[in-house]
Protein chains: 2
Amino acid sequence: MKTAERRQNLKESLVSAAERAIEAHGLGGLRARALADEAGCAVGAIYNVVADLDELILLVNSRTFAALERAIAAAGKNREAPQTSEQAIERLVRLSVVYIDFAAANTHRWRALFEHRLPAGSSVPEWYLAEQMRLFSFVEGPLRVLQPKASPKRLALLARTLVSAAHGIVALGLEEKLYTLPLTSLREQVTLVVSAIGRGLVSETEPPGRGRAAKG
Amino acid sequence: MKTAERRQNLKESLVSAAERAIEAHGLGGLRARALADEAGCAVGAIYNVVADLDELILLVNSRTFAALERAIAAAGKNREAPQTSEQAIERLVRLSVVYIDFAAANTHRWRALFEHRLPAGSSVPEWYLAEQMRLFSFVEGPLRVLQPKASPKRLALLARTLVSAAHGIVALGLEEKLYTLPLTSLREQVTLVVSAIGRGLVSETEPPGRGRAAKG
């Protein structure tokens, strides 16, 4: 086995070990010693393949992005792109519910996406930002149906806003901090908020007196 | 000075010390030794006035709730209760912007409201939940104007949903995690989402063809 291949294998093993540790105990459960033991290497060898544990966490998060993307793609399978406002709103609601279910089923890995902070002075790598942006693009499609005249910049802002709003509902709900709500109630809340936003975006662009989500 | 009074004074000093420590360094910066030094007591004396550091954090959070309530009250001063849908939506947007500005100006204390988790098995005390509920009531008033026929249970759900949505925008924005946005953009986003939700709630309860926020 060549050195490059061996390094790649060790890297994958370490990412998998970190992924399991995060899923089991959250970010706080990550220990270099335990990861090295599980990947069958010396503690120092970790730093031959990644710069630090932060890089390892970004790589775990990258897998989480990919898993979320698969869940989203599976939910949209065999469905045509939305054409009408109703269809677009329905799609947005569906995406939000997929997001809730994913967060509920993978709470620790989902939390790691938001709780992990890079040390002061480091910035998030480009590839990581690109993966996030790809997830936003699923939301931009239906939003374009609701606001066909919106500029790409405005669509990007709308998408981020909608994702943030849905995120807030999931975050506070799953934290069981501000209040404890079962998953069905979270689905109800996110449906309520996302469809209200959808209708609100339609009514914003329509002539007065045509506020309901209109066909086409 | 009586014992009860002395205990109360020490408790206040400790809460103030914890509040300063959290504001300066976040929850992770809380150390019993440093708090005792600052309050002028022995480390063991802390546990004469509070059960543990978790109780101290809840007391700091209680002050944060009160500060947020003052900011909200100041923003609503000399303003009449909203009567029309437009006024109600405007009030909700205003409340959200106050929330954003508060979070941006007191980031660490605001984060402590959400990041602090009680140890497994403990539950949040009643007085703490009551303080949270009082904050929600500021949102329920305008929502009642938008959906006059909503049951109290539905209004409470709407209020929690709206607060969570606004929270998500602030949380992701201030974390500078999913993306970096300046405060003005956060205000723009929250205005966009809260007014869209408001219009959406109005259009939900109106007969078809009257989707715009209507007078009265």
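About the thresholds
- Per-chain numbering applies: the sequence of each chain, read as written, is numbered from 1 onward.
- Chains and ligands are labelled sequentially in the order written, the chains with letters from A and the ligands with numbers from 1.
- Only residues with pLDDT of at least 70 get local features here, since the model is predicted, and only at 80 or more are side-chain atom pairs given and counted; chain-wide, interface and lining totals rely on the full set of residues.
- By convention in this description, side-chain values take in all heavy atoms of the structure and omit both hydrogens and water.
- Only DSSP runs of H or I reaching four residues or more are called helices, and only runs of E reaching two or more are called strands; each is numbered from the N terminus.
- Exposed residues in this analysis have more than 50% of their type's maximum accessible area, buried residues have under 20%, and partly exposed residues fall in between, with area computed by a 1.4 Å probe over protein chains only.
- We call two residues in contact when some of their heavy atoms are within 4.5 Å.
- Positive charge is attributed to Lys and Arg, negative charge to Asp and Glu, and no charge count is given to His or to the chain ends.
- For the purpose of locating charges, the reference atoms are NZ of Lys, CZ of Arg, CG of Asp and CD of Glu.
- Here a salt bridge means any side-chain nitrogen of Lys or Arg lying within 4 Å of a carboxyl oxygen belonging to Asp or Glu.
- For every element, the axis is a line fit to its C-alpha atoms; helices are fit only across the contacting stretch, and the angle between N-to-C directions ranges from 0 to 180 degrees.
- If an angle is under 35 degrees, it is roughly parallel; if it is over 145, roughly antiparallel; if it lies from 65 to 115, roughly perpendicular; otherwise it is oblique.
- Crossings are assigned a handedness: left-handed for a near helix turned anticlockwise from the far helix by less than a right angle, right-handed for a clockwise turn.
- Basically, the charged four are Asp, Glu, Lys and Arg, the nonpolar ten are Ala, Val, Leu, Ile, Met, Phe, Trp, Tyr, Cys and Pro, and anything else, Gly included, counts as polar.
- By convention a nonpolar core is built from buried Ala, Val, Leu, Ile, Met, Phe, Trp, Tyr and Cys residues, the set being connected through side-chain atoms within 4.5 Å.
- Whenever a nitrogen or oxygen atom comes within 3.5 Å of another N or O atom, the pair is scored as a polar contact, on the condition that within protein one atom can donate a hydrogen and the other can accept it, and that pairs from neighbouring residues in sequence are kept only if both atoms are in side chains.
- Note on aromatic contacts: the rings of Phe and Tyr and the six-membered ring of Trp form a pair at centre separations within 6.5 Å, being stacked when their planes are under 30 degrees apart, edge-to-face when over 60 apart, and tilted otherwise.
- Confidence of the predictor at the level of single residues is given by pLDDT, which spans 0 to 100.

Structural notes on the overall build of chain A
- Helix and strand counts for chain A stand at nine helices and zero strands.
- Mapped from its N terminus to its C terminus, chain A presents α and β elements in the order α-α-α-α-α-α-α-α-α.
- Across its three principal axes, chain A shows a C-alpha extent of roughly 70 × 40 × 40 Å.
- Within chain A, the fraction of its 216 residues that count as buried is 53%.
- For chain A, restricting intrachain contacts to residue pairs at least 6 apart in sequence, the fraction spanning at least 24 positions comes to 70%.
- Taking the average place of the 28 positive charges on the side chains of chain A and the average place of its 23 negative ones, the gap between the two points comes to 3 Å.

Points about the environment of Val193(A)
- Considering the arrangement of structural elements, one finds Val193(A) in helix α9 (residues 183-205).
- A relative accessible area of 1% means that Val193(A) is categorised as buried.
- Separated by 28 residues in sequence, Val193(A) and Ala165(A) have C-alpha atoms that sit 8.1 Å apart.
- When residues no more than four places from it in sequence are discounted, the contact partners of Val193(A) are Ile169(A), Thr161(B), Ala165(B) and Ile197(B).

Concerning the pattern of salt bridges
- On inspection of all chains with the given rule, the structure shows 14 salt bridges over all chains.
- One salt bridge connects Arg109(B) with Glu23(B), and the closest N-O pair in it is separated by 3.2 Å. Note that Arg109(B) is positioned in helix α6 (residues 107-115) and Glu23(B) in helix α1 (residues 3-25), a separation of 86 residues in sequence.
- Beyond isolated ion pairs, a larger network of salt bridges with shared partners links Glu12(A), Glu19(A), Glu23(A), Arg63(A) and Arg109(A).

Re the environment of Pro148(A)
All names here are of chain A.
- Along the polypeptide, proline 148 turns up in the loop between α7 (126-146) and α8 (152-175).
- Judged by relative accessible area, proline 148 falls into the exposed class, the value being 61%.
- With 54 residues separating them in the primary sequence, proline 148 and valine 202 have C-alpha atoms 9.9 Å apart.

A few points about the packing of α1(B) against helix α2 (residues 32-39) of chain B
Residues and elements named next belong to chain B.
- One way to put it is that α1 packs onto α2 with a least axis distance of 9 Å and a crossing angle of 125°. By the angle between their directions, the pair α1 and α2 is classed as oblique. Two packed elements cross with a definite hand, and for α1 against α2 that hand is right-handed. In this structure, α1 uses Leu10, Ser13, Leu14, Ala17, Ala18, Arg20 and Ala21 to contact α2, whose residues at the interface are Leu35, Ala36, Glu38 and Ala39.
- In terms of residue class, the contact of α1 with α2 is made up of eight nonpolar, one polar and two charged.

Focus: the nonpolar core
- Ranked by size, the top nonpolar core spans 97 residues in total, and within it Trp110(A), Leu143(A), Trp110(B) and Leu143(B) carry the most contacts.
- When sequence neighbours within four positions are dropped, the list of residues in contact with Leu143(A) reads Leu92(A), Leu155(A), Leu158(A), Ala159(A), Leu162(A) and Leu201(A).
- The next biggest cluster of nonpolar side chains, apart from the first, holds 23 residues, and it includes Ala21(A), Ile22(A), Leu27(A) and Ala45(A).

Let's talk about the packing of helix α5 (residues 85-105) of chain B against α6(B)
Residue and element names in this part refer to chain B.
- At a minimum axis distance of 5 Å, the contact between α5 and α6 shows a crossing angle of 110°. It follows from the interaxial angle that α5 and α6 lie roughly perpendicular. Listed contacts from α6 to Tyr99, Ala103, Ala104 and Ala105 of α5 are Thr107, Trp110 and Phe114.
- In the contact of α5 with α6, the residues fall into six nonpolar, one polar and no charged.

Quick word on the side chain of His116(A)
All names here are of chain A.
- Within the secondary structure, histidine 116 is located in the loop between α6 (107-115) and α7.
- For histidine 116, a relative accessible area of 4% gives the class buried.
- Side chain to side chain, histidine 116 and aspartate 54 meet in a polar contact 2.7 Å long.

Regarding the side chain of Ser195(B)
- Mapped onto the secondary structure, Ser195(B) falls in helix α9 (residues 183-205).
- Those residues in contact with Ser195(B) that sit more than four places away from it in its chain are Ile89(B) and Val93(B).

Looking at the packing of aromatic side chains
- Tallying each qualifying case throughout the model produces eight aromatic pairs over all chains.
- An aromatic cluster is defined as three or more aromatic residues linked by ring pairs; in this entry it consists of Phe65(A), Trp127(A) and Tyr128(A).

Examining the environment of Ala21(B)
Residues and elements named next belong to chain B.
- Locating alanine 21 in the fold gives a position in helix α1.
- With a relative accessible area of 15%, alanine 21 lands in the buried category.
- When the C-alpha atoms of alanine 21 and arginine 31 are compared, they prove to be 8.6 Å apart, with ten residues separating the residues in sequence.
- When sequence neighbours within four positions are dropped, the list of residues in contact with alanine 21 reads Gly26, Gly29, Leu30 and Leu35.

Overview of the confidence of the model for chain A
All names here are of chain A.
- Taken as a whole, chain A shows an average pLDDT of 85; of its residues, 90% reach a score of 70 or greater.
- Within the model, the stretch residues 208-216 combines pLDDT values under 50 with 31 contacts to residues more than four positions away or in other chains.
- As scored by the predictor, the complex reaches a pTM of 0.77 and an ipTM of 0.71.

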